[in-house]
Amino acid sequence: MISRILVCIPTYCEAENISRLIEEIFSLQIPGLEILVVDDASPDKTASIAEGLKGRYPGIHVLRRKPPYGRGSSGREAFIYALKEKFDIAVEMDADFSHDPKAIPLLLNALGTSELAIGSRFTEGGTDAERPKGRQILTQCANFYARSLLRIPVQDANSGYRAWSLKALQAIDPETLRARGPAIVHETLFRAARKNIKMQEVPIHFIDRKEGFSKLNLTKLARGYFWILRLALSGK
Ligand SMILES: Nc1nc2c(ncn2[C@@H]2O[C@H](COP(=O)(O)OP(=O)(O)OP(=O)(O)O)[C@@H](O)[C@H]2O)c(=O)[nH]1
Ligand SMILES: [Mg+2]
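Residues numbered from 1 in each chain as written. Chains lettered and ligands numbered in written order. Predicted model: local features only at pLDDT ≥ 70, side-chain atom pairs only at ≥ 80, totals over all residues. Heavy atoms only, no water.

Before going further, it helps to spend a moment on the pattern of salt bridges. Going through the model one piece at a time under the given rule, you end up with 20 salt bridges. With a shortest N-O distance of 3.5 Å, arginine 4 and glutamate 34 are connected by a salt bridge. Remark: glutamate 34 occurs in strand 2 (residues 33-39) and arginine 4 occurs in the segment before strand 1 (5-11); sequence separation between them is 30 residues. For aspartate 128, the salt bridge is made with arginine 131, and the minimal N-O distance between the two is 3.0 Å. No difference in accessibility class separates aspartate 128 from arginine 131, as the two residues are buried. Put simply, Glu14, Asp96, Arg209 and Lys215 are held in one network by salt bridges that share partners. (Salt bridge = Lys/Arg side-chain N within 4 Å of Asp/Glu carboxyl O. Helix = DSSP H or I, 4+ residues; strand = E, 2+ residues; numbered from the N terminus. Buried < 20%, exposed > 50% of the residue type's maximum accessible area, 1.4 Å probe, protein only.)

Time to look at the site of ligand 1. The environment of ligand 1 is made up of 17 residues, and the closest members are Glu14, Asp40, Arg135, Ser214 and Lys215. Aspartate 96 places a polar side-chain atom, nitrogen or oxygen, 2.8 Å from an oxygen atom of ligand 1. Here an oxygen atom of ligand 1 sits 2.6 Å away from a polar atom, N or O, in the side chain of serine 214. In the complex, the protein chains occlude 88% of the 630 Å² of accessible area that ligand 1 would expose alone. Where the shell around ligand 1 is concerned, the elements lending two or more residues are strand 1 and helix 3 (71-84). (Near = heavy atom within 4 Å. Polar contact = N/O pair within 3.5 Å; in protein donor to acceptor, adjacent residues only side chain to side chain. Areas by Shrake-Rupley, 256 points an atom, 1.4 Å probe, with all protein chains shown as cover.)

This paragraph deals with the environment of isoleucine 22. Tracing the backbone through its elements, the reader meets isoleucine 22 in helix 1 (residues 18-27). In this structure, the C-alpha to C-alpha distance between isoleucine 22 and isoleucine 60, residues 38 residues apart in sequence, is 8.6 Å. When sequence neighbours within four positions are dropped, the list of residues in contact with isoleucine 22 reads Ile35, Val37, Ala50, Leu53, Tyr57 and Ile60. (Contact = heavy atoms within 4.5 Å.)

Set out below in structure tokens:
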């Protein structure tokens, strides 16, 4: 039987990326694959652009969210949607091409022997060589901090490019996720590790964003560090 796969893409102002990304994902011709764009009222009309492609690709869904906005709450809604609509697998990825769509089949393959597949820059064969040195170092520090505090058995604890089996998705209980920002990546990974979900890292080449702008700022970064500490101290 063909698995139903939902590729979940949180977006804020990704008008310059979203059409090409959707086209590239569907061009992989993966049976059973559909796409969910989770948009936070992007003023550049990202959601309308995605909706405009529905005629060509019926497997597109667009969630126009209401406040409170955020990368984290968008990810949470995407996972709830995947469970409610009875998908077997949820893939999460960014809209800015940092996550090369060509790795989707590799992540899905890894689910043959694991329950959570993680696109990893830091496992053997993975790279993060394109971004400015400062951003690479920032990621390495955050990764060291998260891995040490949360004791998660993966090399790339910051990766938001992942494929979740139904079992893993149910195990993290998306309804009760609390992180509203990028720390959702750590909260979900931490929960999966505590539930003994079998994880596998798949090497990826992380690409620097070419179009649009980064939504990461110092406040979000600081909140992310705080969130990781909170997870480590509370254990949940
Ligand atoms: N729905 C929604 N999506 C968001 C929000 N903030 C960021 N995103 C999306 O989340 C993904 C990651 O955001 P980026 O801005 O690329 O952040 P980043 O990858 O940590 O930073 P860069 O490496 O600088 O690109 C992208 O697809 C964004 O459009 C938000 O508040 N709401
Ligand atoms: Mg990015």
